[in-house]
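So the chains spell out like this:
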Amino acid sequence: PFFVNRGGLPVDEPTWERMWRHVGRIHPDGDRVAQRIRGAADLPKIPIPSVPVFQPSTPIPERLEAVQRYIRELQYNHTGTQFFEIKKSRPLTGLMDLAKEMTKEALPIKCLEAVILGIYLTNNMTTLDRFPISFKTHFSGNYFRHIVLGVNFGGRYGALGISRREELMYKAPVFRTLSELIFDFEEAYRRCWHTLKKVKLGHCVSHDPHSVEQIEWKRSVLDLDKLTREDFRKELERHARDMRLKIGKGTGPPSPTKDRKKDVSSPQRGQASPHRRNSRGDRRPSGEKKPADSKAMPDLNGYQIRV
């Protein structure tokens, strides 16, 4: 049923072709099965989950529940085929375009896709801080990786995401500290017979969907084999404190899209009519006319290199 076009909406050809190739590889009659599904005219329509829309008065916790409900309705992707290619090095604006595509195609997703979708659906919640949390666990001789979107609202921590296990995805924002949230995930893993080995914490993600910044996925990498329990807790709280300081002082890098507008407009203002330029100079004592420096004339080449 995952391969049925939900609600009759068209899905881009590359995505469908990947699915058909996968069917051909894993099914003994793969090619015939694919052709039979493609040619069927009486397949039931799969309902498309509705993207949540909020009133301005809707509390943030209720919005988070609605976002998580939408992510859950897309279902976990058990097919073994990755429907959406996500490169962590892509700028935020590119990942947001991909998230918009996810809402249109409404195909099953995995944990990394759920994180990108969670960022996209909470961009308008400016009082909500979002940051990625990655886990590495060990079970039966193998290592497993998982990622969720950590959230902080009003000093309380929670998480959004998707997983095969109910207890490894959504966490309501009720945890007083970041360490309480991580310890809750650790206990959930323990109930699944997994041993938590590493935790990677990123910094807060910009709310500007057009930003060309990259998401900082692993600001802090905590190896539990090298840390005592108390040191692990202290490192988690240190990371939480760093995020608060970055937000409180506004020390985070400004949106490059805004910088670009400022850089482009400044030279144009600097080339205004001589009358305006002289009138400003007349207000200063003789010999104190401010020369055009790097603040008035930003280095456009430097910006191009940074992009």
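Residues numbered from 1 in each chain as written. Predicted model: local features only at pLDDT ≥ 70, side-chain atom pairs only at ≥ 80, totals over all residues. Heavy atoms only, no water.

**Student:** Hey, could you run me through the packing of aromatic side chains in this one?
**Tutor:** The geometry of an aromatic ring pair is captured by two quantities: the separation of the ring centres and the angle between the planes. Inspection of every chain in the model, using the stated rule, returns four aromatic pairs. Judged by centre distance (4.9 Å) and plane angle (40 degrees), the ring pair of Phe135 and Phe185 falls under tilted. One end of the pair, Phe135, is in strand β1 (residues 129–139); the other, Phe185, is in helix α6 (residues 178–191), with 50 residues separating them in the sequence. Chaining the aromatic ring pairs together yields one cluster made of Phe135, Phe185 and Tyr189. Seen from the ring of Tyr143, Lys136 lies directly overhead, with NZ or CZ sitting 4.7 Å from the centre. Over the ring of Phe185 we find Lys171, and its NZ or CZ is 4.9 Å from the ring centre. (Phe/Tyr/Trp six-rings, centres within 6.5 Å; stacked < 30°, edge-to-face > 60°. Helix = DSSP H or I, 4+ residues; strand = E, 2+ residues; numbered from the N terminus. Lys NZ or Arg CZ within 6 Å of the ring centre and 35° of its normal.)

**Student:** What is the right way to read the packing of helix α4 (residues 92–105) against helix α5 (residues 111–121) from this model?
**Tutor:** Describing two packed helices takes the angle between their axes plus the distance from one axis to the other. Running from N to C, α4 and α5 cross one another at 100 degrees; their axes reach a closest spacing of 9 Å. Compared by their axis directions, α4 and α5 come out roughly perpendicular. Listed contacts from α5 to Leu92, Leu95, Met96, Ala99, Lys100, Met102 and Thr103 of α4 are Glu113, Ile116, Leu117, Ile119 and Tyr120. Split by residue class, the contact of α4 with α5 holds nine nonpolar, one polar and two charged. (Axes fitted to C-alpha atoms, helices over the stretch in contact; angles between N-to-C directions. Parallel < 35°, antiparallel > 145°, perpendicular 65-115°, else oblique. Contact = heavy atoms within 4.5 Å. Nonpolar A, V, L, I, M, F, W, Y, C, P; charged D, E, K, R; others polar.)

**Student:** Explain the environment of Lys198 here, please?
**Tutor:** Tracing the backbone through its elements, the reader meets Lys198 in strand β5 (residues 195–201). When the C-alpha positions of Lys198 and Asp223 are compared, they lie 4.7 Å apart, and in sequence the two are 25 residues distant. In this structure Lys198 touches Ser134, Phe135, Lys136, Leu222, Asp223 and Leu224, once residues within four positions along its chain are discounted.

**Student:** Which parts of the structure should I look at to understand unusual backbone geometry?
**Tutor:** What is expected of a backbone is that most residues other than glycine have negative phi and most peptide bonds are trans. Phi is positive for Ala106, which is not a glycine, with a value near 55 degrees. With respect to the secondary-structure elements, Ala106 resides in the loop between α4 and α5. Phi angles above zero are rare outside glycine, and Ser140 is one such case at about 50 degrees. Looking at the element boundaries, Ser140 is found in the loop between β1 and β2 (142–153). Here Ser140 falls in the exposed class, since its relative accessible area comes to 60%. (Buried < 20%, exposed > 50% of the residue type's maximum accessible area, 1.4 Å probe, protein only.)

**Student:** Would you take a moment to explain the nonpolar core for this structure?
**Tutor:** As a rule of thumb, soluble globular proteins bury nonpolar side chains together. In terms of nonpolar packing, the biggest core is built from 38 residues, with Ile109, Ile116, Leu117, Ile119 and Ile215 touching the most fellow members. At the level of elements, α3 (60–74), α4, α5 and β2 are the ones that each hand at least two residues to this core. Here the element with the most residues in this core is α5; it accounts for eight residues. Core analysis: the next-biggest nonpolar cluster, separate from the first, contains 23 residues, Val148, Ala159, Leu168 and Ala240 among them. (Core = buried A, V, L, I, M, F, W, Y, C linked by side-chain atoms within 4.5 Å.)

**Student:** Help me out: how do you make sense of the UniProt feature "active site" (unreviewed entry) in the protein chain in this one?
**Tutor:** Following the UniProt record, the feature "active site" (unreviewed entry) maps to Cys111, His146 and Ser163 here. Taken along the chain, the residues just named run across 53 residues; in space they keep tight, none of their C-alpha pairs more than 8.2 Å apart. Its location among the elements puts Cys111 in helix α5. Residues within four places of Cys111 in sequence aside, it is in contact with His146, Ile147 and Ile162. By the element assignment, His146 lies in strand β2. If sequence neighbours within four positions are ignored, His146 has contacts with Cys111, Ile133, Ser134, Phe135, Ile162, Ser163, Leu168 and Tyr189. (UniProt positions renumbered as here; feature names shortened; annotations may be inferred.)

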